[in-house]
Amino acid sequence: MRQLLYVCLDGLGDDPIPELGGQTPLEAAQTPVLDGLARSGAQGIVYTVGPDIAPESDIAVFAILGYDPREEHPGRGVLEALGSGMDFADGDLAYRVNFATQADGEIVDRRVGRDLSSEDAEALAEEVNGRLGLPGATFELRATVEHRGALVIHPKEGRLSAAVSNTDPAYGKEGTLGVALATFENRVAEAQPLDASVGAERAADLTNLFVEGAAGILEASAINARRRQGGRLPANLILTRDGSDHIPTLQPIKDGFGPSWGCFVEMPVERGIALVLGMSPVDAPTGMPRREQYAAWAELAAEALGGFDALYIHIKGPDVPAHDGRARDKVEVIEDIDQAFFAELLPRIDSGRTILAVTADHSTSCVRKAHTADPVPLLVAGPGVASDGTGAFGERAAARGTLGTLQGTEILPRLIALLRT
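Predicted, not measured: the structure shown is a model, and the values here were computed from it. (Residues numbered from 1 in each chain as written. Predicted model: local features only at pLDDT ≥ 70, side-chain atom pairs only at ≥ 80, totals over all residues. Heavy atoms only, no water.)

### Some remarks on the overall build of the chain
Put simply, the rule reads: Starting at the N terminus, helices and strands are each numbered in turn, a helix being any DSSP run of H or I of at least four residues and a strand any DSSP run of E of at least two. Should any heavy atoms of two residues lie within 4.5 Å, those residues are considered in contact. For accessible areas, the Shrake-Rupley method is used with a probe of radius 1.4 Å. Any residue's cover is judged against the shown protein chains and nothing else. Note that His is not counted, nor are the chain ends; the positive residues are Lys and Arg, and the negative ones are Asp and Glu. Here the site of a charge means NZ on Lys, CZ on Arg, CG on Asp, or CD on Glu.
Regarding its fold elements, the chain presents 15 helices and 17 strands. With respect to the three principal axes, the spread of C-alpha positions in the chain is 60 × 45 × 35 Å. Counting only contacts in the chain whose residues sit at least 6 apart along the sequence, the fraction spanning at least 24 positions is 74%. For the chain, the accessible area works out to roughly 15700 Å², and carbon and sulfur atoms hold 48% of it. Side-chain charges of the chain comprise 37 positive and 61 negative groups, with the mean position of each set lying 2 Å from the other.

Here it is, written out as structure tokens:
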């Protein structure tokens, strides 16, 4: 029986960049392994959630795994909470949060200069947990990876509603969908109820009390005093986004699409997605130099694939430098993925029975320093896939491929059809 290796390179797509001679980072990168797959396989382009939506990763991953996020997505907060091992019940309110830096209400950096250690973030979260109280509710703030975290507010009576706007001004809500905004005022937003329910009004009030109270505690923290003395930005603000108020009941991915699934987990949101879709999480080692880490992931992925019919792998790498506008660094990350991950992975798998698909959850523009609504490339290679002669893996080459233009939810049914051919 054939097996599926499905790789998502976070934020892979991009704009043509003048400093790269008008190429995108993917087009400019030296990727002989991926280009070889392109020569033997077929390409297309994908609007993961929709042509007019710059998606966050969670809703895009739902889509490329075959679930329509407009109908089945529960909000990112619960995925972060479940993926972090936090207690959550229907009627609680969960958020994805960022530690950030503010000065007089203006957001100086949404990610604290990208140098907040996970250890310092954990200590700051414990300060907030130990010192802040909310009327009629308890809460848990948990730091996860670097500046990232999750927040769960537990009401003592009644239920809270996720129909609440974000305090992170960079992201808006369209129903349960979290979308990146092209323009926004770079100031802390006030949470607003999005309907007239008591649960939404109470959730907005508690959110604003939390954000204000936590900011005061963080501002006075000795950890931030030390950071300032060292010339670094203080983590003196917590931004909330993408609230959730229930655990979703979804058809397991195996029931919907057949194969037994593993999910290669780097971030808590990926573990949360794996849990709600009935996939088995495979923990990815972190904390190593980048190339060593990718090589270790390749070895682990090949080993894990032996235990499943399908394995989904999500690699965060390309997204990070793009948010900071570092185009050449994004090129280097893509080259490292090609050489340290794919070059190490392919000799370890049976190419005669493995369908390999490579795509992205969204484009992240180095020029705009944000997610965009632009389509992402899709490459499929392996048994049953005829070469379309595109020759190189890249956005413009993919647009000429025989797979054409797809919606995110259309990818997985096509891949499963190849498995069953």
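### Looking at the sheet that holds strand E1 (residues 3-9)
Defined as follows: For two strands to be treated as a pair, DSSP must find at least two bridges joining them. Simply put, an axis is a line fit to the C-alpha atoms, just over the touching stretch for a helix, and the angle between two N-to-C directions goes from 0 to 180 degrees.
Taken in spatial order, the eight strands make up an open sheet running E11-E10-E12-E1-E13-E16-E2-E17, and their pairing is mixed. Every interior strand has two partners, whereas the edge strands, strand E11 (280-283) and strand E17 (404-407), have only one. Averaged over all adjacent pairs, the angle separating strand axes in this sheet is 25°, with direction ignored. With respect to the sheet, helix H2 (residues 32-40) is in contact with strand E2 (42-47), strand E13 (354-359) and strand E16 (376-381), its orientation differing from that of E16 by roughly 70°. Helix H11 (residues 290-305) contacts E1, strand E10 (261-265), E11, strand E12 (310-315) and E13 of the sheet and is inclined by roughly 165° relative to E12.

### A few points about the packing of aromatic side chains
The cut-off we apply is this: Here the aromatic set is Phe, Tyr and Trp, taking the six-membered ring for Trp, and pairing holds for ring centres within 6.5 Å; pairs whose planes are under 30 degrees apart are stacked, those over 60 apart are edge-to-face, and all others are tilted. Per-residue accessibility, obtained with a 1.4 Å probe over protein chains only, is compared with the maximum for each type, and a residue is labelled buried under 20%, exposed over 50%, and partly exposed between these values. Our definition puts a charge over a ring when NZ of Lys or CZ of Arg is within 6 Å of the ring centre and also within 35 degrees of the ring normal.
All told, the structure shown has six aromatic pairs when counted by the stated rule. Residues Phe139 and Phe210 carry aromatic rings whose centres are separated by 5.2 Å and whose planes lie at 75° to one another, so their mutual orientation is edge-to-face. Separated by 71 residues along the polypeptide, Phe139 in strand E5 (residues 137-143) and Phe210 in helix H7 (residues 198-219) bring together distant segments of the chain. With respect to class, Phe139 is no different from Phe210; both count as buried. Taking 6.1 Å as the distance between ring centres and 75° as the angle between the ring planes, the aromatic pair formed by Phe264 and Trp297 counts as edge-to-face. Of the two residues, Phe264 is situated in strand E10 and Trp297 in helix H11; the sequence distance between them amounts to 33 residues. Each member of the pair Phe264 and Trp297 is classed as buried. In this structure, Arg241 is placed above the aromatic ring of Tyr171, and the distance from its NZ or CZ to the ring centre is 4.1 Å.

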